[in-house]
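Spelled out, the chains give:
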Protein chains: 2
Amino acid sequence: MSSEIMLPAGFRAAGICCGIKPSGRPDLALFASDTAAVAAGVFTTNRVCGAPVTISRSRVPSRTARAIIINSGNSNAATGTPGLADARAMTAETAALLGCDEHDVLVCSTGVIGVPLPMARLRQGIPAAADALGASSVHLQQAATAMMTTDTFHKTASREIRNSAGIVRVSGAAKGAAMIAPNMATMLGVILTDACLTPEEADLMLRRGVDRSFNCVSVDGHMSTSDTVLLLANGASGVTLNEAENARLAEAIREVCEELATSIIRDAEGADHFITVDVAGFETRQQAERIAREICESALVKTAVTGADPNWGRIVSAAGYAGVDFEPEHLSLRINGTEVYRSGTPAEFDAADLSRRMRDNRDVHFELTLAGGPCSGSQSARFWTSDLTAEYVRLNSEYTT
Amino acid sequence: MSSEIMLPAGFRAAGICCGIKPSGRPDLALFASDTAAVAAGVFTTNRVCGAPVTISRSRVPSRTARAIIINSGNSNAATGTPGLADARAMTAETAALLGCDEHDVLVCSTGVIGVPLPMARLRQGIPAAADALGASSVHLQQAATAMMTTDTFHKTASREIRNSAGIVRVSGAAKGAAMIAPNMATMLGVILTDACLTPEEADLMLRRGVDRSFNCVSVDGHMSTSDTVLLLANGASGVTLNEAENARLAEAIREVCEELATSIIRDAEGADHFITVDVAGFETRQQAERIAREICESALVKTAVTGADPNWGRIVSAAGYAGVDFEPEHLSLRINGTEVYRSGTPAEFDAADLSRRMRDNRDVHFELTLAGGPCSGSQSARFWTSDLTAEYVRLNSEYTT
């Protein structure tokens, strides 16, 4: 299905093997705009961040971006001053081939940390990637594949907005947040659109989109040193959007982010279940988010789902320690549609039947609702996570250093 | 060794089977002071708390406490108004037997949640526990055993302070924080001393002790609805302490709390390794604590230790997302004495040798130090945790509801 996903107008992509990964799998992706594009970025807030984050962060927002160069297999993190020089060199090599300034190229790296980038291979690989650039859906797929580390499938998504003047397209690619040998991996996302945006609009639309998607997923609560989502908007559609259509564009960007972010959770290491957590009835969205996040990050909640156990006590108690005021007697919980906890006390339900449905269905849905009391309100949040399996432990405890 | 641990003067204890646990194991503990004692308590901050927490919290600090009644096998949490009546009834039954007011009895429960207490069994069991009260080390051990849920050994600790007038003793018992079928368990601690304290002194010494012990351990970051540590001080030693000796008493209370808290970690479900995390060189203790806690709660750090992997990247990156300002170039890390990360870059070390030492030694020690830069200072924090094994997942994912 995702092989049908098209690039927006005026973009080309490539994914090739340049020999960074010992496996010989694709490890170098290039996204390029034929003309100067507006660029925005959202980056990890980790104090310990990779060199590419430092470089790319300093280059957005921008009006003149032309490309994003991404390698997998080596994160160029904890590599000191030489790492910064290597990240800069990757952008300079790319810029020379595309005929632009190195400041118009953004860079991401993901993979092993604390190891210098194999620059000789990259210096051979970057021209090969530039040669391989193409505008077809296969090129986008190859670029998405070259971003992967432990992902088991490539992740792309797309939306269109049509009006009488034509089509505006938003397409994206991402790789997973799960972490594994030989060290940590990273969540990377690239969003491309042929809409015409100001740097301020691009920045705002990307931040809002990421805030309701990539910031609402958690595999293990461990924030990587390299998490990055970049947006390029090149205006090549030639379509002018009115205010309502611009709002639809913002929503399309959010939807592409959400589809990519939830794909990452569906591909989480060792996961058997995909868990959607809806928290509703609080005074502020922040309160609902804090509770949803605690539920998503509780090892006890996640192992209960692994065991198909409708263990409402773990879910409700995780809500209780999120640092949000509420009266438990107004709290209720549904699991896959079945009420298991009503107004602060256990509800009667067929536990064996619900467990069977949790076991037979890969998707699990929690709906936690506050109704009544001085702390209740109309705000809600949706988060996504995966369960925690023995396979996750096995994958992450194998000797790697 | 812990069977040698004596009760302080004027205290008696008992642990019996009253039939709450299907296994028939001991499930009712009673700690009693022969005379009115000062009482203090520290309780879970979970918004969803058990009925015994509500009752005990309302009764401390106090000058007239006489006893603590504790059942395991049922937490009396999420049981609504009837649960509050049951918790009160447990204290009233105990008070009637000891000849005191029900407000002078504190209560704790741990075990399955959302199930009414079997009060008929407790009404038979409480008199049996009162009959079994005794002042020997065996009685303390039996009481500690009756508090256990999934603990594999009972946990007691003791310290003495001697001066010319005699001996002041601090003894304690605790049960584990690990959580398991049929629902969540709880961390409970009881600290008894024959020192003479005001309620204000008792409250302060207990809070300080808990703050540097029970609040510095994490198995899975999931705060229970019933966590409680209680202190009774009955003055029965008859010994007056001077200011320096009173400071030693405070330290003795902290040491007993630390020994009990670390015993809980050593007994964590499925754990292969005991991990001590020292964070030093920050401006405030709170900053050091936040970093230590993030490291202790990272599933990736814990699984790396499971695999005897000196994976410094996971540890340093967990420090990076703790929300504390620092410059990575001033950060260094030792694992079991070996420097693996120096001033923001990887240090050269024999990874195979360090891994072998991590595999052969149950104790793992991280020392993360900030030295230099505008964010550094003289404050430190020590936390303790366990590794995360496939056995933990197995224990917590078995069908339980």
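Structure: above.
Keep in mind that this is a model prediction, so the values were computed, not measured. (Residues numbered from 1 in each chain as written. Chains lettered and ligands numbered in written order. Predicted model: local features only at pLDDT ≥ 70, side-chain atom pairs only at ≥ 80, totals over all residues.)

### Structural notes on the overall build of chain A
Moving on, step 1. Scanning chain A from terminus to terminus reveals 11 helices and 15 strands.
Moving on, step 2. Here the C-alpha atoms of chain A give a radius of gyration of 22 Å, agreeing with the 21 Å that 2.2 N^0.38 yields for 401 residues.
Moving on, step 3. If one aligns the C-alpha atoms of chain A with their principal axes, the spans along those axes are about 70 × 55 × 35 Å.
Moving on, step 4. Going through the 401 residues of chain A one by one, you find that 59% of them count as buried.
Moving on, step 5. Within chain A, contacts between residues at least 6 apart in sequence are counted, and of these 80% link residues at least 24 apart. (Helix = DSSP H or I, 4+ residues; strand = E, 2+ residues; numbered from the N terminus. Rg over C-alpha atoms; globule rule 2.2 N^0.38 Å. Buried ≥ 20, exposed ≤ 12 C-beta atoms within 10 Å, placed from the backbone. Contact = placed C-beta atoms within 7 Å.)

### Here's the deal with the sheet that holds strand S11 (residues 331-335) of chain B
Residue and element names in this part refer to chain B.
Moving on, step 1. The sheet built from 7 strands is open, its strands ordered S8-S15-S10-S14-S11-S12-S13 with mixed pairing. Strand pairing shows two members of the sheet lacking a second neighbour, strand S8 (217-218) and strand S13 (345-346), which therefore form its edges.
Moving on, step 2. The sheet contacts of helix H7 (residues 285-297) involve S8, strand S10 (274-282), strand S14 (363-370) and strand S15 (376-386), and relative to S15 the element is tilted by about 30 degrees. (Pairing = 2+ DSSP bridges. Axes fitted to C-alpha atoms, helices over the stretch in contact; angles between N-to-C directions.)

### Focus: helix H11 (residues 390-397) of chain A
Moving on, step 1. Among the residues making up H11 of chain A, those that are buried are Tyr392, Val393, Asn396 and Ser397 of chain A. Angularly, the buried residues of H11 of chain A cover 110 degrees about the axis, an arc narrow enough to put them on a single face.
Moving on, step 2. Structurally, H11 of chain A contributes buried residues whose contacts are with helix H8 (299-306) and helix H11 (390-397) of chain B. (Arc of directions from axis to C-beta.)

### Notes on helix H9 (residues 312-320) of chain A
Residues and elements named next belong to chain A.
Moving on, step 1. Most of H9 sits out of view: 9 of its 9 residues are buried.
Moving on, step 2. Residues of H9 that are buried include every one of Trp312, Gly313, Arg314, Ile315, Val316, Ser317, Ala318, Ala319 and Gly320, and no others.
Moving on, step 3. Buried residues along H9 sit against helix H7 (285-297), helix H8 (299-306), strand S11 (331-335), strand S12 (338-342) and strand S14 (363-370).

### Details of the relation of the copies chain B and chain A
Moving on, step 1. In the superposition of chain B on chain A (RMSD 0.0 Å, axial shift 0.0 Å), the rotation amounts to 180 degrees. Taken together, the rotation and translation relating the two chain copies correspond to the operation of a two-fold axis. Closest to the rotation axis within chain B is the C-alpha of Ala390 of chain B, separated from it by 2.3 Å.
Moving on, step 2. Here 100% of the contact residues of chain B are again contact residues in chain A; the copies associate through an equivalent surface. (Least-squares fit on C-alpha atoms with pLDDT ≥ 70 in both.)

### Let's talk about the interface of chain B and chain A
Moving on, step 1. At the junction of the two partners, chain B supplies 53 residues and chain A supplies 53 residues.
Moving on, step 2. Those elements that place two or more of their residues in the side of chain B that touches chain A are H8, helix H9 (312-320), S13, helix H10 (351-360) and H11 of chain B.
Moving on, step 3. Ranked by residue count, the leading element in the side of chain B that touches chain A is H9 of chain B, at 7 residues.
Moving on, step 4. Residues belonging to the side of chain B that touches chain A are distributed by class as follows: 23 nonpolar, 24 polar and 6 charged. (Nonpolar A, V, L, I, M, F, W, Y, C, P; charged D, E, K, R; others polar.)

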